[in-house]
Amino acid sequence: MARDPQHDILFEEVPVGPKTLKNRFYQTPHCIGAGSSQPGFQAAHRSVKAEGGWAGLNTEYCSIHPSSDDVMRISARLWDEGDVHNLRAMTDEVHKYGSLAGVELWYGGPHAPQMEGRQTPLGPSHYNSEFEIGTYCKEADEDEIQLLQSWYVEAAKRARDAGFDIVYVYGAHSYMPLQFLSPYYNKRTDAYGGSFENRARFWYETLEKVREAVGGECTIATRFAVDSLYGEEGIEVERDGMKFVELVDPFVDLWDVNIGDLAEWGEDAGPSRFYRQGHQLPWQKYIKQVTGKPVLGVGRFTDATKMAEVIRNGQLDIIGAARPSIADPFLPKKIEEGRYEDIRTCIGNNVCLSRWEIGGPPMVCSQNATAGEEFRRGWHPERVPEAESDDAILVVGAGPAGSECARVLMERGYVVHLYDQDEKIGGHLNAITENLPGLAEWSYHRDYRETQLQKLVKKQKDSQLALGANPLDADSALNYGADKIVVATGSSWNTDGTNALTHEPIPGADASLPHILTPEQVFAGNKSIGKRVTILNADTYYMTPSLAELLASRGHEVTVLDGVGMGTYMEFTLELPNQLRRLHELEVEVIPESWCSRVEEGRLEYYNLYGEGSKREYKGPGQSPRAPNQSHQWHEFDSLVLVTGKHSHNDLYRRLKARKSEWESNGIKDVYLIGDALAPKMLADATFDGQRLAREIEQPNAQWPLPFRREVAVHGHPFNPESTRPDYKIVYQGD
Ligand code: ADP
């Protein structure tokens, strides 16, 4: 299929100061957990995107000085020659494909917790971060302002030396220049505080100095939250945002504009649960009215028609993307070649950035299991190694793990039968995306695999999608005729209240009773649900808040008895603030820090987790601190939903293992267990399991992953900027 001519506009060059972007696709700075200390990871991750057609590729935020130290989180750093050397690995890769490399110079002030460097950060005034826990900054005097600006300049020179084409002064997400600009932070009364011009002074002076140092050689960019969404206390686009752009415009070659602050940056990286693509345009669109310089902005743009429309109607010049570039590093190439159906559309569940929020483990992606594995495991998002045998492989279960495994195996050239009792590929995703509020876009995960599998079976006549089949038992699996069997049969919610707090069932909790339900039974809709619903929560992700919202919006009076912290992980995916607002609006009641000791018809007994008698101490034989002797309370309900824990469907696997002696006579070489059937896990990890096994299935013990490459400092090796350790060479599987 040829490219739609209305998308041609996306492939026009854009001059940005002294450099030129080869098209309008631009990967904005985003965290991956590599920084400057894992140069292989950094280089390989940005490299596959450059290969996939992105014209600009940035690092994550990059610290300019040890007093902007974000440990435990991982930022890039440009503190010394070692950082220059390591980041050059990335710029070299990006340049191979004719793309530009950018770096976002960052000073966090009190938002950087200083856990390694232990220096006191500077800021425009003396305050405590609303984002970090208890980090104060010192109010910079005028000498220190000069010093701070000199750190930007020195880092900018190092950036140039590392081969960066685009140098940012980063002010969005409430980092330093914005702290000077915003009256929320800046309470000064000297030349750097008070009036708008004075508050803007730090930012434009810094830009001016950075420009003096590296302008002409590098594009000078700035990232600006044009509206901090606090109203008068912060920056408002029509009042200050446009005025600031006009004032600072002479020092800037490229504007990168977004909205929001740090404490709730989910208003910027909007999860699909609450925001559609382009949700920042109502603010971003003002900026082109006051500058002739190129303007770029993010908004989880995934659809080429929408992107082209945004350019054509003059809202933006460049499509900024972080999440869509992770889900599909080849998004620009696929649009360019008209391969729209091959795009792995970002599902917007924000699991990528949850890793930064957690504190810096490597980034993962639900859609693209190769994200973050480019260097570590040598996984390329678009290339797989050829099959090493003519083994026929049966994959049982077409959920995220099984469908990914089957897809990659077929891409490799294996003959695969993907077998499921359900009519539709997708497994548990089908029910949650159809039923739970705001999760419709998560179904892109299934859609991508469904489309690809249908294409693959057309191409490979011996492969098959055996859907809507009988549940497969061990006899049929043994007789199926496969050389290898992958069991990806998923998991379900416990029906007896077994939970992470007690690791036991709850007496009386039994979802075979009419008034007690599992989440699957709520979705199936074949049990009537009474007016007063109580949800027992021992799950830390989305199920309880989503069900509470669903049931309350259907008119039920919902109470959550919460044992583990409802939706804790949603804090990391930036979904929690708006989710809690939604539950508040719907008057969902939460009984916190409590757990259920038994269930009777129409009522349950519960206790406070920190109540009298709960202390962990020896209480005598048979006395558990988890079932304290405090007075228990009763709570009444009409229906009870158990979100207490899950169990794997590993019965088929266990039966096959028990009959290992029959494998050889049935021509079976090995049997594997992946995804939720191995252990209940997040969507990204189930998908990873499928991809991982498909790539390593020839290994003698493929149930267990091969070791991955680690980037470790080797003691006794003095730093030598001239040496390129061969270990940093990127090698993709199958190349
Ligand atoms: P995961 O997230 O690990 O992929 P899911 O629960 O989403 O797991 O999907 C598991 C899939 O396995 C479901 O579509 C289910 O219908 C299918 N399945 C489970 N047991 C069997 C079986 N014995 N025979 C056929 N299909 C099965």
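As the structure is a prediction and not an experimental result, all values here were calculated from the model.

Calculation rules
- Residues numbered from 1 in each chain as written.
- Predicted model: local features only at pLDDT ≥ 70, side-chain atom pairs only at ≥ 80, totals over all residues.
- Heavy atoms only, no water.
- Salt bridge = Lys/Arg side-chain N within 4 Å of Asp/Glu carboxyl O.
- Helix = DSSP H or I, 4+ residues; strand = E, 2+ residues; numbered from the N terminus.
- Buried < 20%, exposed > 50% of the residue type's maximum accessible area, 1.4 Å probe, protein only.
- Core = buried A, V, L, I, M, F, W, Y, C linked by side-chain atoms within 4.5 Å.
- Contact = heavy atoms within 4.5 Å.
- Expected span 1.5 Å × (residues − 1).
- Bend = angle between axes of the 7 residues up to and from the residue.
- Polar contact = N/O pair within 3.5 Å; in protein donor to acceptor, adjacent residues only side chain to side chain.
- Domains from an automatic or database assignment.
- Buried area = accessible area lost by both parts, 1.4 Å probe.

**Q** Can you walk me through the pattern of salt bridges in this structure?
**A** If the charged atoms of two oppositely charged side chains come close together, the side chains can form a pair. The final tally for this structure, using the stated rule, is 58 salt bridges. The partner of Asp651 in a salt bridge is Arg655, and the shortest N-O contact between them spans 2.8 Å. Within this pair, Asp651 and its partner Arg655 are both found in helix α20 (residues 651–658), separated by 4 residues, close to a single helical turn. Overall, the relative accessible area of 48% leaves Arg655 in the partly exposed class. We note a salt bridge from Asp689 to Lys681, for which the minimum N-O separation is 2.8 Å. By relative accessible area, Asp689 is classed as buried at 11%. In the salt-bridge network here, residues are joined through shared partners; they are Glu337, Arg339, Glu341, Asp342 and Lys455.

**Q** What is the right way to read the nonpolar core from this model?
**A** In globular proteins that are soluble, nonpolar side chains generally tend to be buried together. Membership of the largest hydrophobic core comes to 109 residues, with the highest contact counts inside it found for Leu10 and Phe224. With 9 residues, helix α5 (residues 196–214) is the single largest residue contributor to this core. Beyond its immediate sequence surroundings of up to four residues, Phe224 is in contact with Ala172, Leu178, Leu181, Trp203, Ile235, Gly241, Phe244, Val245, Trp255, Asp256, Val257 and Asn258. Of all hydrophobic cores here, the second largest spans 35 residues; its members include Leu429, Trp493, Val533 and Ala684.

**Q** I keep staring at helix α2 (residues 81–96) and nothing clicks. Help me out?
**A** Two residues of an α-helix separated by three or four positions point the same way, owing to the 3.6 residues in each turn. Look at α2: 23 Å from first C-alpha to last across 16 residues, which is about the 22 Å you get at 1.5 Å a residue. At Leu87, α2 shows its largest bend, some 30 degrees. Looking at α2, one finds that the buried residues are Gly82, Asp83, Val84, Asn86, Leu87, Met90, Thr91, Glu93 and Val94. Buried residues along α2 sit in contact with α1 (39–51), β4 (56–63), β5 (76–77), β6 (100–106) and α3 (142–161). Between the side-chain oxygen of the N-cap and the backbone nitrogen of Gly82 there are 3.0 Å, and the N-cap of α2 in question is Asp80. Taken from the residues just after α2, Gly98 is the one with a positive phi, measuring 75 degrees.

**Q** Explain the domain arrangement of the protein here, please?
**A** For interface size, the figure often reported is the accessible area lost on association. With domains assigned, the protein is organised as domain 1 (5–358), domain 2 (392–490 + 649–696), domain 3 (494–645) and domain 4 (705–735). Each of domain 2 and domain 3 was reduced to a C-alpha centroid, and the two centroids are 32 Å apart. Facing the 9 residues of domain 2 at the interface are 10 residues of domain 3. Approximately 850 Å² of surface area, both sides summed, lies buried where domain 2 meets domain 3, with 75% of it carried by carbon and sulfur atoms. The tally of links from domain 2 across to domain 3 stands at 0 residue pairs in polar contact (both at pLDDT 80 or more).

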